[in-house]
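Survey of secondary and tertiary structure
So the chains spell out like this:
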Amino acid sequence: MNLFKLLIGVSVLLMGCNNAADDYIGLPTPVNFEVPANFPEPNYDFSANPLTEEGIALGKALFYDGQLSSTGVVSCGFCHEQSFSFTHHGHTISHGVNGEEGFRNTQPLHNLAFYKEFTWDGAALHLDLQPIIPITSEVEMNETIPSVLSKLQADPKYLYMFEAAFGSDSITSGRMLKALSQFMLQMVSANSRYDAYMRKEGEQLTPEELEGASLFKAKCASCHMGELFTDQKYRNNGLPLNSNFPEEEGRMRASGFSDDFYKFRVPSLRNVALSYPYMHDGRFGSLEAVLDFYTDGMVDNGNVDPLLKRDDGSFGINLSASEKTNIIHFLKTLTDYEFIQDERFSEF
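Note that residues are indexed from 1 along each chain, following the sequence as it is written. Selection of residues for local features in this predicted model requires a pLDDT of at least 70, selection of side-chain atom pairs for listing and counting requires 80 or more, and totals for whole chains, interfaces and linings are taken over all residues. The side-chain quantities take in all heavy atoms of the structure and omit both hydrogens and water.

**Section: the overall build of the chain**
Defined as follows: Numbering of helices and strands runs from the N terminus, with a helix taken as a DSSP run of H or I at least four residues long and a strand as a DSSP run of E at least two residues long. We compute the radius of gyration from the C-alpha atoms alone; for a globule the expected value is 2.2 Å times N to the 0.38, where N is the number of residues. Partly exposed residues are those whose accessible area sits between 20% and 50% of the maximum for their type, while under 20% is buried and over 50% is exposed, using a 1.4 Å probe and protein chains only. Any pair of residues with heavy atoms lying within 4.5 Å of one another is described as a contacting pair. In these tables, accessible area is a Shrake-Rupley quantity obtained with a 1.4 Å probe, and a residue counts as shielded only by the protein chains included in the view. Under the counting rule used here, the positive set is Lys and Arg, the negative set is Asp and Glu, and His together with the chain ends is not counted. A single reference atom marks each charge: NZ on Lys, CZ on Arg, CG on Asp, CD on Glu.
What the chain contains, in helices and strands, is 14 helices and two strands. At 22 Å, the chain has a C-alpha radius of gyration in line with the 20 Å of a compact globule built from 348 residues. By residue count, 51% of the 348 residues in the chain fall in the buried class. Considering only intrachain contacts with a sequence separation of at least 6, the fraction spanning at least 24 residues in the chain is 67%. Within the structure as shown, the chain displays about 16,600 Å² of accessible surface, and the carbon and sulfur contribution to it stands at 54%. Positive and negative side-chain charges of the chain, numbering 26 and 47 respectively, have mean locations separated by a distance of 4 Å.

**Digging into the pattern of salt bridges**
What counts here: A pair is scored as a salt bridge if a Lys or Arg side-chain nitrogen falls within 4 Å of a carboxyl oxygen belonging to Asp or Glu.
Going through the model one piece at a time under the given rule, you end up with 13 salt bridges. Measuring nitrogen to oxygen at the nearest pair gives 2.7 Å for the salt bridge that ties aspartate 231 to arginine 235. Accessibility expressed as a relative area gives 13% for aspartate 231, which makes it buried. When the shortest N-O distance is used, the salt bridge between lysine 324 and aspartate 292 registers 2.7 Å. Taken as a pair, lysine 324 in helix H13 (residues 321-332) and aspartate 292 in helix H12 (residues 287-296) lie far apart in primary sequence, 32 residues in all. The exposure class assigned to lysine 324 is buried, which follows from its relative accessible area of 12%. Overlapping salt bridges bring together Arg104, Asp121 and Glu248 as one network.

**With respect to the side chain of glutamate 227**
We count it as follows: The term polar contact refers here to a pair of N or O atoms within 3.5 Å; inside protein, the definition further demands a hydrogen-donor-capable atom paired with an acceptor-capable atom, and it admits residues adjacent in sequence only when both atoms are side-chain atoms.
If you trace the backbone, glutamate 227 turns up in the loop between helix H10 (207-219) and strand E1 (234-235). The side chain of glutamate 227 is buried and forms no salt bridge, while arginine 270, the nearest opposite charge, is found at 4.1 Å. A distance of 2.8 Å separates a polar atom in the side chain of glutamate 227 from a polar atom in the side chain of tyrosine 194.

**Examining the environment of glutamine 186**
By the element assignment, glutamine 186 lies in the loop between helix H8 (173-185) and helix H9 (193-198). Along the backbone, glutamine 186 and methionine 198 are twelve residues apart, and their C-alpha atoms lie at a distance of 22 Å. Non-local contacts of glutamine 186, meaning those with residues more than four positions away in its chain, are made with Val31, Phe33, Leu51, Ile56, Arg344 and Phe345.

**Details of the state of the cysteines**
Worth spelling out the cut-off: Pairs of cysteine sulfur atoms within 2.5 Å are identified as disulfides in what follows.
Inspection of every chain in the model, using the stated rule, returns zero disulfides. Looking at the unpaired cysteine 76, the closest cysteine sulfur is the one in cysteine 79, lying at 9.1 Å. The thiol sulfur of cysteine 220 is not disulfide-bonded, and the nearest other cysteine sulfur, from cysteine 223, lies at 8.9 Å. Judged by relative accessible area, which is 14%, cysteine 220 ranks as buried.

**Considerations on the packing of aromatic side chains**
Here is the rule: Any pair of Phe, Tyr and Trp rings, taking the six-membered ring for Trp, is counted once the centres come within 6.5 Å. Such a pair is stacked with planes under 30 degrees apart, edge-to-face with planes over 60 apart, and tilted for the rest.
As enumerated under the stated definition, the model contains 25 aromatic pairs in all. Between tyrosine 262 and phenylalanine 264 the ring centres are 5.3 Å apart and the planes differ by 75°, which places this aromatic pair in the edge-to-face class. Taking 5.6 Å as the distance between ring centres and 55° as the angle between the ring planes, the aromatic pair formed by phenylalanine 339 and phenylalanine 345 counts as tilted. Phenylalanine 345 shares its class with phenylalanine 339; the two are buried. Of the aromatic side chains, those joined through ring pairs into one cluster are Phe63, Tyr64, Phe86, Phe183, Phe339 and Phe345.

**With respect to the packing of helix H3 (residues 53-63) against helix H7 (residues 156-166)**
For clarity, the cut-off: Axis definition: a line fitted to C-alpha atoms, limited for helices to the stretch in contact. Angles are taken between N-to-C directions and run from 0 to 180 degrees. For any pair of crossing helices, the crossing counts as left-handed if the nearer helix is rotated counterclockwise from the farther one by less than a right angle, and right-handed if it is rotated clockwise.
Running from amino to carboxyl end, H3 crosses H7 at an angle of 145°, the nearest separation of the two axes being 8 Å. Like other packed secondary-structure pairs, H3 and H7 cross with a definite hand, here left-handed. For the pair H3 and H7, the contacting residues are Glu54, Gly55, Ala57, Leu58, Ala61 and Leu62 in the first and Tyr158, Met161, Phe162, Ala164, Ala165 and Phe166 in the second.

Here is the structure:
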């Protein structure tokens, strides 16, 4: 037993808090993952990483710890702000260590247990592996996994927390990544006005919101489908190429297939009113601008999704001004204020 653990044990005994000591030297406390009534079954295999109170607490500490970056400042929470559905508010593209800039917009974090792949191009095939990308990216956290582990191993707090979560103070990459997943898996957003309406919990939508819902189903739900509001596929939606980022290839960057050029993962629209700016490069600052793009701004970049092709051969979605307004009214019902104010996810 190291000195830190010995001092903790003595302090607990002196305070007469025997139960607290037992909590830490015993088995971790299991946490059930509750699937919302209107949601599909999760994709994540919880049997390989069971949720526990101690594992979630460790994951939260890691999520907000700048030690995961080379400068000791940029944490996961630096680019994923709870108030804006865990996006990087005010930035079109991600900003990392020493002000370095990437070339993609920070995606929101919610309902990750239900997704099959992660990031705009699907480079992460499992939630447990996804944090490796930002940690090691030169323009994000610019660190190495061995270096992160060395810093955590030198921190007595983490020796204690890893033992509480996993039964020993061995700090490994697998345990670190599983703890981060446990914290992020708890980020379930399913208590918007829309959800209460769908679950018949007494919520009523306005005529404009209901009209917007009907229009959304007819015009948008072929891609933004189901209760997750995404089909989790990769699609080219006719964006003009961004000359500021000539290296951008979309899904092709991960797959290597030319047919995947400028295809991006269809984003969920939950909390979309809070997660601006929009698109992979944050080029649109409002929902109005997004809908204007879909009616009048799409271009044939050689690989546009056939679902977006009009009868006359052009690309776009036919929407009147009033229809756009009502769709936006509906999209705002997807905001889950409980989620963005939930203290379980907050840094402090």
